[in-house]
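Here is how the chains run, residue by residue.
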Amino acid sequence: MKKILAMLLAVMMMVVAAGCGGGGDKASSGSGAASSGGKKITMGFSQIGAESEWRTANTESVKKAAEEAGIELQFSDAQQKQENQIKAIRSFIAQGVDIIAFVPIVETGWDTVLKEAKDAKIPVIVVDRDVKLADDSLYVAKIGTDSLTEGKNVFKWIDEYMTKENKKPRGGTDQFQVVVLEGTVGSSVANGRQKGFKDEMAASPNAAKYNILASQTGEFTRQKGQEVMESFLKSDRDKIDILFAHNDDMALGAIQAIEAAGLKPGKDITIISIDGVKGIFQAMIEGKANCTVECNPLQGPVLMETAKKILNGEKVEKMVYVPEGVFPADVAEKTLPERKY
Ligand code: AHR
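What counts and what doesn't
Residues numbered from 1 in each chain as written. Predicted model: local features only at pLDDT ≥ 70, side-chain atom pairs only at ≥ 80, totals over all residues. Heavy atoms only, no water. Near = heavy atom within 4 Å. Polar contact = N/O pair within 3.5 Å; in protein donor to acceptor, adjacent residues only side chain to side chain. Areas by Shrake-Rupley, 256 points an atom, 1.4 Å probe, with all protein chains shown as cover. Helix = DSSP H or I, 4+ residues; strand = E, 2+ residues; numbered from the N terminus. Nonpolar A, V, L, I, M, F, W, Y, C, P; charged D, E, K, R; others polar. Domains from an automatic or database assignment. Buried < 20%, exposed > 50% of the residue type's maximum accessible area, 1.4 Å probe, protein only. Pairing = 2+ DSSP bridges.

Draft legend 1. Main features of the site of the ligand. Neighbouring the ligand are the residues E51, S52, W54, R55, D128, R129, V189, R193, F220, N247 and D275. Between an oxygen atom of the ligand and a side-chain N or O atom of R129, the distance comes to 2.8 Å. Between the ligand and R193, the relevant distance is 2.8 Å, taken from an oxygen atom to a side-chain nitrogen or oxygen of the residue. Summarising the interface, the protein chains cover 100% of the accessible area of the ligand, which totals 280 Å² for the free molecule. Mapped onto the shell around the ligand, the elements with two or more residues apiece are α2 (53-69) and α6 (188-203). Here the residues of the shell around the ligand are counted per class, giving 3 nonpolar, 2 polar and 6 charged. Shared between two domains, the shell around the ligand takes at least three residues from each, and those domains are domain 1 (27-144 + 297-323) and domain 2 (147-295).

In structure tokens:
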């Protein structure tokens, strides 16, 4: 009888130990399914859409990382509308998800809905782009890229390149004429990249060599990038020396417009853009683009890891930047086989 009782006690202790695995009271983060309060963690994720090659890679990274982490992902595509994102976040709150993550299409207008999430005690992670809030405690962490530095790196590279290549302005003036294809109006990335570029230019001893001739949104899409570049070329075909596109997709659209106008992209017009997608590496290998400043979309793994830590009651960094590089055309051929997106 004593033996049977001892065995029963041992079995009960094993069951209790298994139930407490992971140490925290809200989530466990072992190699299998992540759990919150004994059930699988559910994350509501609001993505902005599928405007670019970069965005597709970002979505794939988040979906794959959720699967690998054993996190149930409620994925919502906002089709480029902030109102759809707000609706999605409200629906995540109503469903009682464990954690909410979202890519804010624009910087402002999130205070009310994030306050609703906080009142419902659902932690929020901001992904990729930034938000401007009156109260930063409305989100727990932000995972993303540094758009200000990206913009600064664009100007630095241009200035070094134009000097090294001994380039001369095409229009016969003493200034290089720059056109800019901007990203989504009101987005932190468009604002940051533009500001970083202009600040770096203003601080440069070579500032007087450059003039921003035109700057307009191409909404981060290939088609709009092409259309806006066509209109730039219509008015200033023989003056434009440099194109800075806030993303690679717009640069790829612009390349088509430049060729259609009878000019050589990458030669007559120096082209630099941001992202580092395979398409721009291919264009660089073909001599049609000159440089890409990386913006890393592979944010899924760090997002899932951060979500587990938050639900486990662990302290996390408020701001986590993902690593990024600068890739000029002369390294494109060697680098393309290593590119993951
Ligand atoms: O927020 C990141 C930007 O959004 C990428 O540069 C762009 O390609 C995307 O659509």
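Following the structure, the description resumes.
Draft legend 2. Seen up close, unusual backbone geometry. In this model, Q79 sits at a positive phi of 50°, which is unusual for a non-glycine residue. Within the secondary structure, Q79 is located in the loop between β5 (72-77) and α3 (82-95). We note that N166 has phi near 50°; this positive angle belongs to a residue other than glycine. Looking at the secondary structure, you find N166 in the loop between α5 (147-164) and β9 (176-182). Residue N166 is classed as exposed on the basis of its relative accessible area of 54%.

Draft legend 3. Inspection of the pairing of strand β4 (residues 42-47) at higher detail. In terms of burial, β4 is largely enclosed, as 6 of its 6 residues are buried. Here β4 shows no split at all, with T42, G44 and S46 on one side and M43, F45 and Q47 on the other all buried. In terms of strand pairing, β4 meets β5 through 6 bridges, oriented parallel. Residue pairing in the sheet places F45 in a bridge with F75 of β5. Two strands pair when backbone bridges link them, and β4 and strand β6 (residues 99-102) are joined in this way by 4 bridges, in the parallel orientation. If you follow G44 over to β6, its bridge partner there is I100.

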